[in-house]
Structure formats: structure tokens, C-alpha cells
Amino acid sequence: MKFNKRAKKVFSPVLGKYFGDFEIDKAKGCYLYSTDGKKHLDMSAGIAVCGTGHCHPQVVAAATKQLNKLIHVCIGVACYEPYVKLAEMLQKVVPIKNAQFFFCQSGSEATEAAIKLAKYSTKKPGIIALEGGFHGRTYGALSMTSSKMKYREGYEPLVPEIYLAKPDLAEIETLIKSKQIAAVITELILGEGGYAVRPKEFITGLRKLCDKYNVLLIVDEVQSGIARTGKWFLSEHYGLQPDIVCMAKGLASGFPLGGIAASAKLMAKWSPGSHGGTFGGNPVCCAAAIATLEVIKKEKLLQNATKTGAYLTTQLKKMQKKYPLIKDVRGFGLMIGVDIGDWDTVSKIMTYCLKNKVVIIPTGGGGTALRFIPPLTIKKKEIDQALKVFEQALKSL
Ligand SMILES: Cc1ncc(COP(=O)(O)O)c(C=O)c1O
């Protein structure tokens, strides 16, 4: 062990860890190289972040070039090319017509920005978030998060006028009618909530409800966005046009970058100076994000996510028939959840897989499902390798 012992002395114990003492030196493509010299197949991609694979040469080259040119100036001080170019590229792929952007550093800040825009532009204070959702850990984001109630414990009172509702249209309508609601925020697959998929009829109904009452619909695509599901954004699978889309994780292949998109009409209501930040849209992060989008196009990663995702889903569903402890296999593209139903079993499977050099991480309130979210560059051969070890893990129980 190289770093963990030292880390324990210098870091707060607050951070949760999936694997206790796992530590790595470097990563490349779909593989993590641990400090004990082993090569691990990574089915977690840094929690759905490294879509282009670890250290993709084009991303590394773009970031390196930018490092030597301009690391930081702050957009409040001066404008720079990668910042503008990235937004122009995103404009072509977000599920919002005539979109404009706000860039930040993380998913939590993206959801924070979304609710600030919603409140500011509508002049209404209320936000409805749906039970089981995860929108981040900063105060506003945490106030909308309920995938684990433990995340909220010890932090009350949370931000006022954020209402948690069941994903039930009648309940949401009652809330909208009784409060001053600016927006409803939802994920389409619950990224930290067990990969439950929001039904299409519910999302279509929610869109109609929001339109009826002039309430904004915020879709949190922090985990599902940027080609993860075989479309640029999962909203496309639903035929959905949100009012605000949140993005982060996969946007810059591991560089910290988040953002929101909304129509130019809505953005026009956000006055200069009413939101901002020092690092948002950092030049190196933007250069990495531009390269990320280029790699996704050049290497046809949308198609690969669809194709390899369908193969992985089919094989996992076959396994489900053989191993009844698998309760469900669900998701889109390379965002696949395998519901096991209890944490002890999930933990045993993860530990077995790690010992056998495959990294698979959990999701869910009590960590009751496993998620398969490899780099979007993954090949059938690697999926077979992961499936083999996963099946051995099931057999070993
Ligand atoms: C759907 C969703 N929203 C928001 C967040 C928060 O993102 P971050 O951890 O970058 O703050 C996450 C992170 O897992 C997420 O999955």
C-alpha cells in the first residue's frame, strides 16, 4: 500500500469509499493499473466520467496544448476561444432549441445553477424534486437529494421551499397548485438511486403538467448526458425537450467541468452578475471537453454505446434467467443497472470482481444495485471479460 495509510492521516474520514484500500498509479483506455502492479478492467469509468476512456491521446494533447497557452484568466476578466467553441459545439447536441449555456465545475454546481436560473427567471421561490433522486451535495443540491436520506441527516434545516414529492403526477399537481413553484427537477435514470428508470408516460405527463402551470422542467443529465446512453442526452430517448438541462461528469473526460443549457429566451431573464464563479469554463477543461466531443464523433462512440450496451444488456438478462438473485437489468446504452436487492450480496460481488481485476461499483439507496458504466470506447472482448468475472462472482455466492 502506497498512499492509503498516509491519506488516512491527512484527510477527513467524511468521504465514503466503495473499496476501502484500492489505490492506483495510472490508467489508460478501459484499464486501471493498481499500485500492486495489477491491471483492472474499469466498468465504472470514474463514475460515468471517462467516456472517451482514461487518458485518451486526443484529450491529453488538447489539454496539454491549452496548458501551454492559457490556464486561467476567469471569464469575468476576458473571453477565450475554447469557452466559446465548446458552447457552439454543445448547442448542436443539447435537447433544447436555440440553447445558451452557463459553465461551472461540477454536477452539484450545475443543479445549483439550474435552480437559481429557475427561481430568478420566474420570480417564484419553490422547487419540486422527486423522491429517490440525487442532485449533488452542496446545500441547494443536497436539499433536492433523497436517494439516501443519510446524505441529509445532520444538515437540517436545508434550503427552504424545496419540496420532495413522490414521482406521482397527481401529488406533483397538488403541490404546484398549493405553492409558488418555479421548477420541477428530475433525473430520467436515478444515477445514485438504483438506476431506476423513470417511465416514459410519467415524463411525458410531467412535461405536460409543467406546461399547463407555467413551471420549468429541469432535467438532471449529469450522469446520463454526453453519449452515455447512446444519444447525446438521455432526454432524446424520451422525445423530451426540457427547459433546463444539467450536465457535468462525461463532458470533459475527467477534467472538472459542468454546465447548464436553457433557451436563449429563458437565459435572457438571468441578469448579468446574478450568478457566476472564478473557475467556471476553465480554458483547459473546455479544451478537454472540445476534444471529448470530437472523439465521441470521430470514434462513433454513440453507436458503440448503443451496440455494446445492447450486447451487455442482453447477456446480463440471460444471466438473470440463470441466477434469480438478479432482480432486474435496466438502463440505456452503457448506463446499465443490475438490481440485486441487498447490500451484502452487492458488496460480495464487488469484492470478488475487484479481486479478479474488474471494477464494478454499486448504486442505490442502500447500494442495492450494481452499475455497468464503462468507458464508451469499450469493446465486446472487454465486455466478455467483465461478464465472465461477474458470473464467477455470482457462482461464488
Ligand atoms: C444525476 C446527478 N446529479 C448531480 C450529481 C452531482 O455531481 P458532482 O458529484 O459532480 O457534484 C451527480 C453525481 O453523481 C449525479 O449523478
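What counts and what doesn't
- Residues numbered from 1 in each chain as written.
- Predicted model: local features only at pLDDT ≥ 70, side-chain atom pairs only at ≥ 80, totals over all residues.
- Helix = DSSP H or I, 4+ residues; strand = E, 2+ residues; numbered from the N terminus.
- Contact = placed C-beta atoms within 7 Å.
- Core = buried A, V, L, I, M, F, W, Y, C linked by C-beta atoms within 7 Å.
- Buried ≥ 20, exposed ≤ 12 C-beta atoms within 10 Å, placed from the backbone.
- Domains from an automatic or database assignment.
- Near = placed C-beta within 6 Å.
- Nonpolar A, V, L, I, M, F, W, Y, C, P; charged D, E, K, R; others polar.
- Arc of directions from axis to C-beta.
- Pairing = 2+ DSSP bridges.
- Axes fitted to C-alpha atoms, helices over the stretch in contact; angles between N-to-C directions.
- pLDDT = per-residue confidence, 0-100.

A few words on the overall build of the chain. A count of helical and extended segments in the chain gives 13 helices and 15 strands. Contacts in the chain between residues far apart in sequence, at least 24 positions, make up 74% of those at least 6 positions apart.

This part covers the nonpolar core. Counting 120 residues, the largest nonpolar core has Ala114, Ala183, Ile218 and Ile260 as the members making the most contacts within it. Residues from two domains meet in this core; each of domain 1 (4–55 + 300–395) and domain 2 (58–298) gives at least three. If near-sequence neighbours (up to four positions away) are discounted, Ile218 is found in contact with Ala114, Ala118, Ala183, Val184, Ile185, Pro242, Asp243, Ile244 and Cys246.

Assignment of secondary structure puts Phe390 in helix 13 (residues 380–395). Taking the C-alpha atoms as reference, Phe390 lies 48 Å from Cys79; in sequence the two are 311 residues apart. Among residues more than four places away in sequence, those in contact with Phe390 are Cys353 and Ile360.

Moving on, we get to the site of the ligand. Around the ligand sit 14 residues, and of these Gly107, Ser108, Gly136, Gly191 and Val222 come closest. In terms of residue count, the dominant contributor to the shell around the ligand is helix 5 (residues 107–122) (three residues). Split into classes, the residues belonging to the shell around the ligand amount to three nonpolar, eight polar and three charged.

This brings us to the environment of Ser347. Along the chain, the position of Ser347 falls in helix 12 (residues 343–355). Residues Ser347 and Tyr18, 329 residues apart in the sequence, show an inter-C-alpha distance of 8.8 Å.

A word on helix 4 (residues 81–91). When we look at burial in helix 4, the residues that qualify are Pro82, Tyr83, Leu86, Ala87 and Leu90. One side of helix 4 holds all its buried residues, which, seen down the axis, span an arc of 130 degrees.

Attention now goes to the domain arrangement of the chain. For the chain, the assigned domains read domain 1 (4–55 + 300–395) and domain 2 (58–298). Each of domain 1 and domain 2 has a C-alpha centre, and the two are 25 Å apart. The set of elements that each furnish at least two residues to the side of domain 1 that touches domain 2 consists of helix 2 (45–48), helix 11 (301–322), strand 11 (328–332), strand 12 (335–339) and strand 15 (369–372). At five residues, the largest contribution of residues to the side of domain 1 that touches domain 2 is made by helix 11. Taken together, the residues that form the side of domain 1 that touches domain 2 break down as 13 nonpolar, 12 polar and three charged.

Taking strand neighbours across the sheet as the criterion, the four strands line up as 11-12-15-14 in an open arrangement whose pairing is antiparallel. Edge positions in the open sheet fall to strand 11 and strand 14 (361–363), since each of these has one partner strand only. Pairs of neighbouring strands in the sheet enclose a mean axial angle of 30 degrees, with direction left out of account. Pairing between strand 12 and strand 15: four bridges, direction antiparallel. Bridging across to strand 15, Val338 finds its partner in Leu370.

With that out of the way, let us pick up the sheet that holds strand 5 (residues 126–130). In spatial order, the strands read 4-10-9-8-7-5-6; together these seven strands make up an open sheet with mixed pairing. Either end of the sheet is taken by a strand with one partner, and the two such strands are strand 4 (99–104) and strand 6 (162–165). The sheet shows a mean angle of 20 degrees between the axes of neighbouring strands, direction not considered. Across four bridges, the pairing between strand 5 and strand 7 (residues 181–186) is parallel.

Attention now goes to the confidence of the model for the chain. Here the chain averages 97 in pLDDT, while 100% of its residues score no lower than 70. By mean pLDDT, the top-scoring element of the chain is strand 8 (residues 216–220) (99), and the lowest-scoring one is helix 1 (residues 4–10) (92).

Bringing unusual backbone geometry into the picture now. Residue Pro157 is bonded to the preceding Glu156 through a cis peptide linkage, with omega at 0 degrees. You can see Pro157 is positioned in the loop between helix 6 (139–144) and strand 6. One non-glycine residue, Lys123, lies in the positive phi region at around 60 degrees. For Lys123, the location among the structural elements is in the loop between helix 5 and strand 5. According to the C-beta neighbour criterion, Lys123 is exposed, with 9 such atoms within 10 Å. Unlike most non-glycine residues, Ile226 shows phi in positive territory, near 60 degrees. Mapped onto the secondary structure, Ile226 falls in the loop between strand 8 and strand 9 (244–247). According to the C-beta neighbour criterion, Ile226 is buried, with 30 such atoms within 10 Å.

The next thing to look at is the pairing of strand 4. In terms of residue burial, strand 4 counts as a mostly covered element, since five of its six residues are buried. Of the pairings in the sheet, the one linking strand 4 to strand 10 (residues 258–263) comprises six bridges and is antiparallel in character. Counted as the bridge partner of Ala99 is Ser263 from strand 10.

What follows concerns the environment of Ser44. Looking at where Ser44 falls in the secondary structure, it is placed in the loop between strand 3 (39–42) and helix 2. Between the C-alpha atoms of Ser44 and Ile361, which are 317 residues apart in sequence, the distance is 6.2 Å. In this structure, Ser44 is in contact with Val359, Ile360, Ile361 and Ile373, ignoring residues within four places of it in sequence.

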